[in-house]
Number of protein chains: 2
Amino acid sequence: MRQSELFTKVSKSVQKDEASVNAKLLVQAGFIHKEMAGVYSFLPLGLRVLNKIEGIIREEMSALGGQEILLTSLQDPEVWKKSGRWDDKVVDNWFKTKLVNDTEVGIANTHEEPLTVLMKEYVSSYRDLPCYVYQFQTKFRNELRAKSGLMRVREFLMKDLYSFSRNEKEFKEFYEKCAAAYLKIFSRVGLGSYTFRTFASGGSFSKYSDEFQAISEAGEDIIYVNKEKKIAINKEVYNDEGLAECGLKKEDLQEEKAIEIGNIFPLGTKYSTALGLNFKDEQGKINPVVMGCYGIGLGRLMGTIAEIFHDDKGLIWPKTVAPFSVHLISLNGAEKDSEKIYDNLQKQGTEVLYDDRKDKSAGEKFAEADLIGMPLRIVISERTLAENSVELKKRDEEKIKLIKIQDVIQKVF
Amino acid sequence: MRQSELFTKVSKSVQKDEASVNAKLLVQAGFIHKEMAGVYSFLPLGLRVLNKIEGIIREEMSALGGQEILLTSLQDPEVWKKSGRWDDKVVDNWFKTKLVNDTEVGIANTHEEPLTVLMKEYVSSYRDLPCYVYQFQTKFRNELRAKSGLMRVREFLMKDLYSFSRNEKEFKEFYEKCAAAYLKIFSRVGLGSYTFRTFASGGSFSKYSDEFQAISEAGEDIIYVNKEKKIAINKEVYNDEGLAECGLKKEDLQEEKAIEIGNIFPLGTKYSTALGLNFKDEQGKINPVVMGCYGIGLGRLMGTIAEIFHDDKGLIWPKTVAPFSVHLISLNGAEKDSEKIYDNLQKQGTEVLYDDRKDKSAGEKFAEADLIGMPLRIVISERTLAENSVELKKRDEEKIKLIKIQDVIQKVF
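Notes on the structure follow. Source: prediction; values computed, not measured.

A closer look at the sheet that holds strand S5 (residues 95-98) of chain A
Residues and elements named next belong to chain A. Here we have 3 strands laid out as an open sheet, ordered S4-S6-S5, and antiparallel in their pairing. Since the sheet does not close on itself, it has two edges, and those belong to strand S4 (74-75) and S5, each with one partner. Strand direction decides the pairing type here: S5 and strand S6 (residues 104-107), joined by 4 bridges, are antiparallel. Residue pairing in the sheet places lysine 98 in a bridge with glutamate 104 of S6.

Take a look at the structure:
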């Protein structure tokens, strides 16, 4: 894409009304736009990151046998009353609204209830199970205090997968497969070495659950990490019982601040029993379906990447989630050759942000490129052309390499 | 995809609580699921159609120079008060809700206001214009009466593009380009010969606007069509003044029922003036930006395709939007060869729904295939294998062709 055509621009001033690093950088670089506290729009560069993350998650969920659907935000209260979660005293972050005829409806903060009811249409026998259903869908959460930029918001895109199994053993097998898929996802988006499967409280669902925590100073959680075993335990269950349950010893653990970037929950038969999702087993006996749920907030993941990968000049995107792989910067006098390289890179399928702007100095272009943070910068100028070359610089390295124009495609690929 | 793994199943009974053909068929075939009146979830087959439609629209909007973003559903009332559209007496289909601290917020039914405010960050000079911004985003509309299946719903995915131009001439040029892109979109999804650009009332925005109407008995609109010129006029402006404005004569027109599948609106400077979106022109003069908006409801488009392309056996999807191009049906005794053909078709990049179920009769499989409506059916049985062949049948033709197995790939491609 030509930067001259990109409608967003980087802002010269730091965002004073944003307290968090992720929001400061993402707003300043034109990735997101704050609509209200805890409500952010995604601009072209930001949406490209979101889509890359979504693509990676979709591949891994599909590889698990997940089938994609799209549930609705508007919710019939009757369904939620059956599980006991309509009451604001039970779930304190509902947004509720009313139809013209004054009937109350909910705006979904999660989707266990409606999906459980939906599955009743399709599940009746052991032959219909197991199955795994997921979506990328907006969740609305009426947070008392929105904070930390993309970390705690009132509206966000979430991948939520739900598993439906015949028994605990079948459930647990999938649960472990999904845990492995989660580690793969976090590794693919660049957070592999920062992310720990973390033993945590089960909340209202079950005694324990698993979180995926990325170590970061911006984190709101405290976890205790065993780096060798690549696992951790959340402070909330950091006691003798919790430690025994997950087989960790205090002396091997190290305290860290971390951001929860995913969680997986055993749901047991809580919703299937409340809402009547049953199946007939091979012996003809009726049993409730054993469920699990598996969530990743896409915006929070993007915010976490921004928190972990930046320096004082700006963002540093991992290649897999960068809006563009290459930032091609043309300086005065190099227009013709820049156009040629831009065309060639695009023909090879490389995603290029092409700074073809004529009214910006080299210094401005470099500063903006650092702020936006594409993984690879290519500079073409009269000076590099004199040597029939271009300059290559990785965003996370200081080293600048001069390489011959004919080698560009090969080097980038 | 293996049909044995698809969690949805077709329902044997017709949906009695659905009055419209599109909802009857789409629910029965397992494409959508009704959550409440006017609120439908999309199941795997339905979501695939929705994604195909979205892909086509995205290509055409991108070709126009549109830049994709994603705005939010939660809306700050202050922004809407400035344009006068917060008041329920002015806009009667708002869903409104409240933050925990009792502050009222809106749930977006459209996005002119927030986008106009957002653009103020990036537009200040004639050099920043024109620009075109679009999104695929859920709209919430508090309809008094939801009806006609996917046609009039309370929550739906919409593509909305907004144009920002320096003057009327520049606006009008883009408006015409976008009108042409819309006809291309409707043609690509299979509705080309049914769709007419239709001169219509401008509503609250301007005197006139343009709708895209698809002729269908299920339509709620009455239009008068000039088939030769491929244009029409909506009944609401079917008077001497309207006819003169669009250069049509009563005697050349034919009355038809039609479904509005798209609309494009001149917005003039209504929102830019109300919200202060101005730019400095080449002479240093400050002017309000000239805007336009361009909408397509994706679910309604899918519903329209279902209304127009079906017979008494079920749906008949155009190839470009079908969930799968091929429905491969394996009958008893043909398992081994079916698997081979399935693999080969997939390797060629063909999207195949593979009926590998062992507990269904040939009759059941054929009936379901007709209901689901993939464009091409391939049947493999012991009988066809005896001739080293498979049966090919297009969903919209009666003719069945026997072709040699080695020719399948080539025929499908």
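Structural notes on the relation of the copies chain A and chain B
Screw-axis analysis of chain A against chain B gives a translation of 0.0 Å along the axis, an RMSD of 0.0 Å, and a rotation angle of 180°. Such a turn and shift between the copies fits a two-fold axis. Among all residues of chain A, the minimum C-alpha distance to the rotation axis is found for threonine 97 of chain A, at 2.6 Å. Comparing contact sets, 100% of the residues at the interface of chain A also lie at the interface in chain B, consistent with an isologous, same-surface contact.

Here's the deal with the packing of helix H2 (residues 44-63) of chain A against helix H8 (residues 298-308) of chain A
All names here are of chain A. Relative orientation of the contacting elements H2 and H8 amounts to 110°, with a least axis distance of 10 Å. Looking at the two axes, H2 sits roughly perpendicular to H8. As H2 runs across H8, the sense of the crossing is right-handed. Contacts from Gly46, Val49, Leu50, Ile53, Glu54 and Ile57 of H2 reach H8 at Leu298, Gly299, Leu301, Met302 and Ile305. Taken together, the residues of the contact of H2 with H8 break down into 8 nonpolar, 2 polar and 1 charged.

Observations concerning the sheet that holds strand S20 (residues 352-355) of chain A
All names here are of chain A. Read from one edge to the other, the open sheet built from 5 strands follows the order S20-S19-S21-S22-S23, with strand pairing classed as mixed. The sheet terminates laterally at S20 and strand S23 (400-404), the two strands that pair on one side only. Strand-to-strand twist across the sheet, computed as the mean angle between neighbouring axes with direction ignored, equals 25°. Along the sheet, helix H10 (residues 362-372) contacts strand S19 (326-330), S20 and strand S21 (376-380); its crossing angle with S19, the most-contacted strand, is approximately 175°.

Remarks on the pairing of strand S12 (residues 231-234) of chain A
Residue and element names in this part refer to chain A. Alignment of strand S9 (residues 195-201) against S12, held across 3 bridges, turns out to be parallel. By the bridge assignment for S12, phenylalanine 199 is matched with isoleucine 233. Taken together, the 4 bridges between strand S11 (residues 221-226) and S12 define a ladder with antiparallel strand orientation. The partner of valine 225 across the bridge, within S12, is alanine 232. Here S11 hands over to S12 after 4 residues, with lysine 230 in that stretch at a positive phi of 60°.

Thresholds applied
Residues numbered from 1 in each chain as written. Chains lettered and ligands numbered in written order. Predicted model: local features only at pLDDT ≥ 70, side-chain atom pairs only at ≥ 80, totals over all residues. Heavy atoms only, no water. Pairing = 2+ DSSP bridges. Helix = DSSP H or I, 4+ residues; strand = E, 2+ residues; numbered from the N terminus. Least-squares fit on C-alpha atoms with pLDDT ≥ 70 in both. Contact = heavy atoms within 4.5 Å. Axes fitted to C-alpha atoms, helices over the stretch in contact; angles between N-to-C directions. Parallel < 35°, antiparallel > 145°, perpendicular 65-115°, else oblique. Left-handed = near helix turned anticlockwise from the far one by under 90°. Nonpolar A, V, L, I, M, F, W, Y, C, P; charged D, E, K, R; others polar.

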